[in-house]
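# Per-entry structural report
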Amino acid sequence: MDISRLMTHAEPIEEEKLKEVPRMTKKDRTENGSYFDNTSVPKYHKDKKAPPQFVPSILASNINYQPHKLDQASWKPNSSGEFSCSSAWELIRDKRSKTRINSQTWHKHIPFKCSFLLWRALRGKLPTNKKLISFGKAPAQCYCCHRAGLDTIDHIFVSGNFARKVWSVFSDSLGISKEYTPLRNLMMRWWSSNYSIEVHKLILQATPIFICWNLWKNRGAIKYEGKQSNITRVIYSVFKDNFNLLSTTYSYISWPNSWKELVLLVEKCTNEVNVSTVYWRKPSAHMVKLNTNASALHNPGKIGGRGLLRNNQGDLLFAFSTPFGEGTNNQSEILAAIFGLTWCLQLGYTKVILEVDSELVIRWIKHLAQQPWTVKAQLQQLQDISHHFQVFKCSHTYREANFTADALSKHSHKCTTPHIYLTKQELPKEARAYFELDKLEMANFRRRRLKRIKKPP
């Protein structure tokens, strides 16, 4: 890799200036041998020559000082904290913002040649006769219509008599307006239409692309193969492309060989739903169970946590609802667990089962997934607390089995200080109802919408 281009961005530092930079000496260290003082601010920057514009941000920095660990640099653009060339490239590249029309032009199940044709048509990159005039060729009439018109992209795909009839057939079936509009706006009209299910969305996305593809094929057949313009052939080809698309994507469904019947079936299809029963289980004897939950109004945004501790009889030992300020969903989940475990230690409970409805947080705690640098400090604090318990276990639970903790969520965002509940009578009405159901170990139903679709009965 040639690094000369990167070096041009670095300002040359004179040797004399390097000599002027004071070096860190043993006198600058604190009593414990660290370069940090009690205020968690680098003493070198505080006592020496920190640039005035950086002083406020340095003082406001929350440094998680851990004297038993070496300092570690984290690369902020990566969640893992490790440097990568790809993340550095993302920082310096001049990237255009994504547009809906560019995103909808491509789909993994739509043939590339069809999407590429539309991409060229939207940018005026097709070899129509109007385009060939710039190369000195004489203008000519179009090849597709019985009533001749200029051979332009707009005429071939939208405004021509032949094109309008084709669009009309498919627009009527799907309830889309047939009013004339330029090609780009026409595509957005189709792609912005309401849909009931993913297969319906796929048809709305693919059909206008297939229409453009077959209109262009029809023009080529007339111009280069001497065939007659045939609207029935084009309509059937568009239907057949849609039929093949659905047969490939949803091969377990038998699709009808009629466009109208196919559209009716697509609109009536529904997603399969997986229903399972979940329970909140009481802990074993001599153990207590802490269920926590957390949320963020925005991600990142205002965050809060809640939770409750119960014994092996399902009785409430304590519950809490508290705000945590600003942060992310994952940070709030970890802070809620830390808050609940701290109270367990203060109340003398040393055999605890922690249940959280965030599987990712549990994987971080058990070191089954790489911990992001943004939450490493909180995770380390949680693990340090867990070492004070005689028995500590953590596991994932579904949200449907964690409704009691979830019911306290409304209160965590309304309060400004922590709220502690020591009896079930103090719990909010909704949380108290779920608490009683959990105590009886009543089943909750977990409904999960699957991508797989099913035909109507």
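Just above, that's the structure.
Below or above, wherever it landed, is the structure these notes cover. Computed from a prediction, not measured in an experiment: that's the story for all the values here.

## As for the pattern of salt bridges
Within the structure shown, the criterion is met by 12 salt bridges. Here Lys 178 makes a salt bridge to Asp 172, at a shortest N to O gap of 3.4 Å. Linking Arg 399 and Asp 406 is a salt bridge whose minimum nitrogen-to-oxygen distance equals 3.1 Å. The class for Asp 406 is buried, based on a relative accessible area of 17%. Among the charged side chains, a salt-bridge network with shared partners connects Arg 306, Arg 399 and Asp 406.

## Thoughts on the packing of aromatic side chains
This structure, assessed with the given rule, holds 15 aromatic pairs. Ring centres of Phe 116 and Trp 119 lie 5.8 Å apart, and the angle between their planes is 10 degrees; on these two criteria the pair is classed as stacked. Note that Phe 116 and Trp 119 are positioned in helix α7 (residues 112-122) at a spacing of 3 residues, about one turn of the helix. The class of Phe 116 is partly exposed, set by a relative accessible area of 34%. Between Phe 403 and Tyr 434 the ring centres are 5.2 Å apart and the planes differ by 45 degrees, which places this aromatic pair in the tilted class. Taken together, the positions of Phe 403 in helix α18 (residues 403-406) and Tyr 434 in helix α20 (residues 429-439) put the pair 31 residues apart, joining distant regions of the chain. The partly exposed category is assigned to Tyr 434, whose relative accessible area is 25%. What links up through ring pairs into an aromatic cluster is the set Trp 106, Phe 112, Phe 116 and Trp 119. Above the ring of Trp 280, the side-chain terminus of Arg 310 is found at 3.8 Å from the ring centroid. Geometry around Tyr 252 places Arg 452 over its ring, the cationic atom sitting 3.8 Å from the centre.

## Some points on the pairing of strand β3 (residues 301-310)
Counting buried positions over the 10 residues of β3 gives 9, a clear majority of the element. Here strand β2 (residues 288-296) pairs with β3 via 8 bridges, running antiparallel. From the neighbouring strand, Lys 289 faces β3, where its bridge partner is Arg 310. Hairpin remark: β2 followed by β3, antiparallel, with 4 residues in the connecting loop.

## Considerations on the nonpolar core
By size, the foremost hydrophobic cluster in this structure holds 53 residues, and its most contacted members are Phe 157, Leu 183 and Trp 255. Broken down by element, this core gets its largest block of residues, 12 residues, from helix α12 (residues 198-225). In this structure Leu 183 touches Leu 118, Ala 121, Leu 122, Ile 153, Phe 157, Val 158 and Cys 212, once residues within four positions along its chain are discounted. Formed by 25 residues, the second largest nonpolar core is a distinct cluster that contains Val 352, Ile 362, Leu 382 and Phe 389.

## Topic: the environment of Asn 293
Turning to its location among the elements, Asn 293 is positioned in strand β2. Taking relative accessible area as the criterion, Asn 293 reaches 3% and is therefore assigned buried. Distance from Asn 293 to Ala 337, taken between C-alpha atoms, is 8.1 Å for residues 44 residues apart in sequence. Discounting chain neighbours no more than four positions away, the residues touching Asn 293 are Gly 305, Arg 306, Glu 333, Ala 336, Asp 357, Asn 402, Ala 405 and Asp 406. Within the structure, Asn 293 has its side chain in polar contact with the side chain of Asp 357 (distance 3.4 Å). One polar contact links Asn 293 to Asp 406, side chain to side chain, over a distance of 3.0 Å.

Conventions we followed
- Residues numbered from 1 in each chain as written.
- Predicted model: local features only at pLDDT ≥ 70, side-chain atom pairs only at ≥ 80, totals over all residues.
- Heavy atoms only, no water.
- Salt bridge = Lys/Arg side-chain N within 4 Å of Asp/Glu carboxyl O.
- Buried < 20%, exposed > 50% of the residue type's maximum accessible area, 1.4 Å probe, protein only.
- Phe/Tyr/Trp six-rings, centres within 6.5 Å; stacked < 30°, edge-to-face > 60°.
- Helix = DSSP H or I, 4+ residues; strand = E, 2+ residues; numbered from the N terminus.
- Lys NZ or Arg CZ within 6 Å of the ring centre and 35° of its normal.
- Pairing = 2+ DSSP bridges.
- Core = buried A, V, L, I, M, F, W, Y, C linked by side-chain atoms within 4.5 Å.
- Contact = heavy atoms within 4.5 Å.
- Polar contact = N/O pair within 3.5 Å; in protein donor to acceptor, adjacent residues only side chain to side chain.

By themselves, these figures tell us nothing about what the structure is for.
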